[in-house]
Amino acid sequence: MAIAAKFEIDYVQYMDAEGRLVRDDLPEFARNLEHMVELYKLMVSTRIFDAKSVAMQRTGKLGTYASCLGQEATQVGIGSAMRPEDVLSLSYREYGAQLFRGVQPREVYTYWGGDERGNDYQQEPARHDFAWAVPIATQCLHAAGAALAFKIRREPRVAVCCVGDGGTSKGDFYGAINMAGAQQLPLVAVIINNQWAISLPRHQQTGAKTLAQKGIAAGLYSVQVDGNDIIAVRAAVEEALERARQGQGGSVIEAVTYRLSDHTTVDDARRYRSSDEVTEAWTREPVKRLRRWLEAQGAWDEAREQAWQADRDEWMDNEVNAYLQTAAPETGAMFDYTFAELPVDLARQRQSAIDREH
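Below is a summary of the structure that appears in this document. Because the structure is a prediction, the values reported are computed rather than measured.

Following the criterion strictly, the structure yields 12 aromatic pairs and no others. Seen in terms of ring centroids, Tyr 109 and Tyr 323 are 5.8 Å apart; in terms of plane orientation they differ by 55°. Their pairing is tilted. Linking Tyr 109 in helix α4 (residues 105-112) with Tyr 323 in helix α12 (residues 302-324), this pair joins segments that are 214 residues apart in sequence. Assigned by exposure class, Tyr 109 and Tyr 323 land together as buried. Ring pairing ties together the aromatic residues Phe 49, Tyr 65, Tyr 95, Tyr 109, Tyr 111, Trp 112, Tyr 121, Trp 132 and Tyr 323, which thus form one cluster. Geometry around Tyr 14 places Arg 23 over its ring, the cationic atom sitting 4.2 Å from the centre. Directly above the aromatic system of Phe 29 lies the positively charged group of Arg 234, at a separation of 4.4 Å from the ring centroid.

Shown next as structure tokens:
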């Protein structure tokens with residue numbers, strides 16, 4: 001019998017769960033210990049920010065919040081691989097990538113506090129990135145559209161989208177990667193496989209052995225990486241970005257990680273997953289892994305850790321205070337950011353809301 005096609009998915013890992021290298025061909029960026037320390041510090045910053053965010057929601061200072069605990073390596077790896085001129089289209093928990101690109105915690109809090117002004121990022125390069133997307137996988141289509149624009153304009157830019165494991169079962173994801181393959185678009189789709197789509201485990205979402213192989217059907221370069229190994233994530237995203245910039249088309253990268261937190265602050269993951277599973281996942285978490293490697297290289301120690309933690313506590317206090325001191329938006333603002341020209345019925349509603357306020 002003739003074979004129509006064959007494919008395989010490579011798995012990329014540089015560092016095991018104990019922080020030991022499993023290969024000796026480190027990428028150039030990983031040989032720069034000062035740079036790796038900076039990536040570690042941002043991972044720690046992301047975790048401290050995340051813990052503060054959950055605490056603020058629990059005390060009524062934020063609305064529903066989606067934690068990123070356990071996914072710091074994937075997020076910082078994505079953000080640090082991108083160039084400033086690239087565009088990030090994300091879902092609602094990729095804070096590590098956003099912090100790298102200039103989003104301020106006060107802006108995250110403003111958004112989760114119910115104020116759309118939080119989406120108006122004030123610093124570059126985040127200012128030209130997409131806003132948070134809560135509908136599942138729609139951000140993939142936004143990124144594909146941006147990638148098409150880059151190709152038409154002949155700009156050496158790449159659109160990067162992040163999507164969860166559950167999101168890869170949506171037609172939006174398939175439509176985006178199909179367009180990228182058909183049109184050779186500079187699109188990099190990173191699947192952040194944290195094993196759970198709210199309460200639905202990964203094995204119930206799809207029969208595919210890997211999520212990366214979904215990109216094969218679209219004609220895209222596809223690879224799976226250890227999402228708790230920041231070196232592996234950064235290297236894979238860098239390679240995919242360079243391929244796209246050289247006109248070699250898009251890529252799908254599956255970063256295998258784990259959601260150590262509840263799905264959001266209105267979820268209770270204890271109802272659907274065992275404590276043993278979570279305990280085991282903590283042995284593979286990314287922050288401790290990178291710290292152990294840096295300590296083995298003599299680039300980090302407990303004194304530096306404590307100093308950085310103290311610095312980040314002050315940073316968070318300043319960001320929280322800036323958020324809490326932000327004046328409430330005007331009543332009409334809820335109508336002002338959807339249409340270029342407000343439809344007549346919404347214009348009436350807007351005026352009615354303003355009149356009731358006064």
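Met 36 and Ile 78 are the most contacted members of the largest nonpolar core, which has 70 residues in total. Sequence-distant contacts of Met 36, that is, excluding residues within four places in its chain, are made with Phe 29, Ala 30, Ile 230, Ile 231, Leu 290, Trp 293 and Leu 294. Membership of the second largest hydrophobic core comes to 23 residues, among which are Cys 140, Ala 147, Val 163 and Ile 177.

This paragraph deals with the side chain of His 263. Looking at the element boundaries, His 263 is found in the loop between β8 (251-256) and α10 (275-282). In this structure the side chain of His 263 is engaged in a polar contact, spanning 3.0 Å, whose partner is the side chain of Arg 93. Once you skip the residues sitting within four places of it in the chain, His 263 turns out to touch Ala 66, Ser 67, Tyr 92, Arg 93, Ile 198 and Tyr 272.

Turning our attention to the pairing of strand β7 (residues 221-226). Counting buried positions along β7 yields 5 of 6 residues, so the element is predominantly enclosed. With 3 bridges joining them, strand β1 (residues 10-12) and β7 adopt parallel strand pairing. By the bridge assignment for β7, Asp 10 is matched with Val 223. Relative to β8, β7 runs parallel, the two sharing 6 bridges. The residue of β8 that forms the bridge with Tyr 221 is Ser 251. With respect to chirality, the unit in which β7 leads through helix α9 (residues 230-245) into the neighbouring parallel β8 is right-handed.

The strand order across the open sheet formed by 6 strands is β1-β7-β8-β4-β3-β2, and the pairing between neighbours is parallel. The outermost strands of the open sheet, each flanked by one partner alone, are β1 and β2 (87-89). The sheet shows a mean angle of 25° between the axes of neighbouring strands, taken without regard to direction. Of the strands in this sheet, β2, β3 (159-164) and β4 (187-193) touch helix α5 (residues 138-153), which is tilted by about 165° from β3. Its contacts with the sheet put α9 on β1, β3, β4, β7 and β8, and the angle it makes with β7 is roughly 165°.

Bringing the layout of surface pockets into the picture now. It is the rolling of a water-molecule-sized probe over the atoms that shows where space remains empty. A volume near 280 Å³ is recorded for the largest pocket. Considering the residues around the largest pocket, the lining is formed by 23 residues, among which Tyr 92, Ile 136, Gly 164, Asp 165 and His 263 are closest to the centre. Counting only elements with at least two residues in the lining of the largest pocket, the list comes to β3 and β5 (196-197). Here the lining of the largest pocket is built from residues that sort into 11 nonpolar, 8 polar and 4 charged.

Position of Asp 336 relative to the elements: it lies in the loop between α12 and α13 (344-357). When its relative accessible area of 34% is taken as the criterion, Asp 336 is described as partly exposed. Residues Asp 336 and Leu 346 lie 10 residues apart in sequence; the distance between their C-alpha atoms is 9.9 Å. A polar side-chain atom of Asp 336 sits 2.8 Å from a polar atom in the side chain of Arg 350.

It is worth spelling out the pairing of β8 at this point. For β8, the buried fraction is high: 5 of the 6 residues fall into the buried class. Where β4 meets β8, 6 bridges bridge the pair, whose relative direction is parallel. Bridged to Asn 193 within β8 is Val 256.

This part takes up the packing of α4 against α12. Geometrically, a packed helix pair is captured by the angle between its two axes and the distance between the axes. The interhelical angle for the contact between α4 and α12, taken along N-to-C directions, is 40°, at an axis separation of 8 Å. When the axes of α4 and α12 are compared, the pair comes out oblique. For α4 against α12, the interelement crossing comes out right-handed. Note on element contacts: α12 touches α4 through Trp 315, Met 316, Asn 318, Glu 319, Val 320, Ala 322 and Tyr 323, opposite Pro 105, Arg 106, Tyr 109 and Thr 110.

Analysis parameters
Residues numbered from 1 in each chain as written. Predicted model: local features only at pLDDT ≥ 70, side-chain atom pairs only at ≥ 80, totals over all residues. Heavy atoms only, no water. Phe/Tyr/Trp six-rings, centres within 6.5 Å; stacked < 30°, edge-to-face > 60°. Helix = DSSP H or I, 4+ residues; strand = E, 2+ residues; numbered from the N terminus. Buried < 20%, exposed > 50% of the residue type's maximum accessible area, 1.4 Å probe, protein only. Lys NZ or Arg CZ within 6 Å of the ring centre and 35° of its normal. Core = buried A, V, L, I, M, F, W, Y, C linked by side-chain atoms within 4.5 Å. Contact = heavy atoms within 4.5 Å. Polar contact = N/O pair within 3.5 Å; in protein donor to acceptor, adjacent residues only side chain to side chain. Pairing = 2+ DSSP bridges. Right-handed = clockwise from strand over helix to strand, strands pointing away. Axes fitted to C-alpha atoms, helices over the stretch in contact; angles between N-to-C directions. 1 Å grid on protein atoms, 1.4 Å probe; cavity = no way out; pocket = protein on both sides within 12 Å on 5 of 7 lines; lining within 4 Å. Points joined across faces, edges and corners; volume = space filled by probe spheres on them. Nonpolar A, V, L, I, M, F, W, Y, C, P; charged D, E, K, R; others polar. Parallel < 35°, antiparallel > 145°, perpendicular 65-115°, else oblique. Left-handed = near helix turned anticlockwise from the far one by under 90°.

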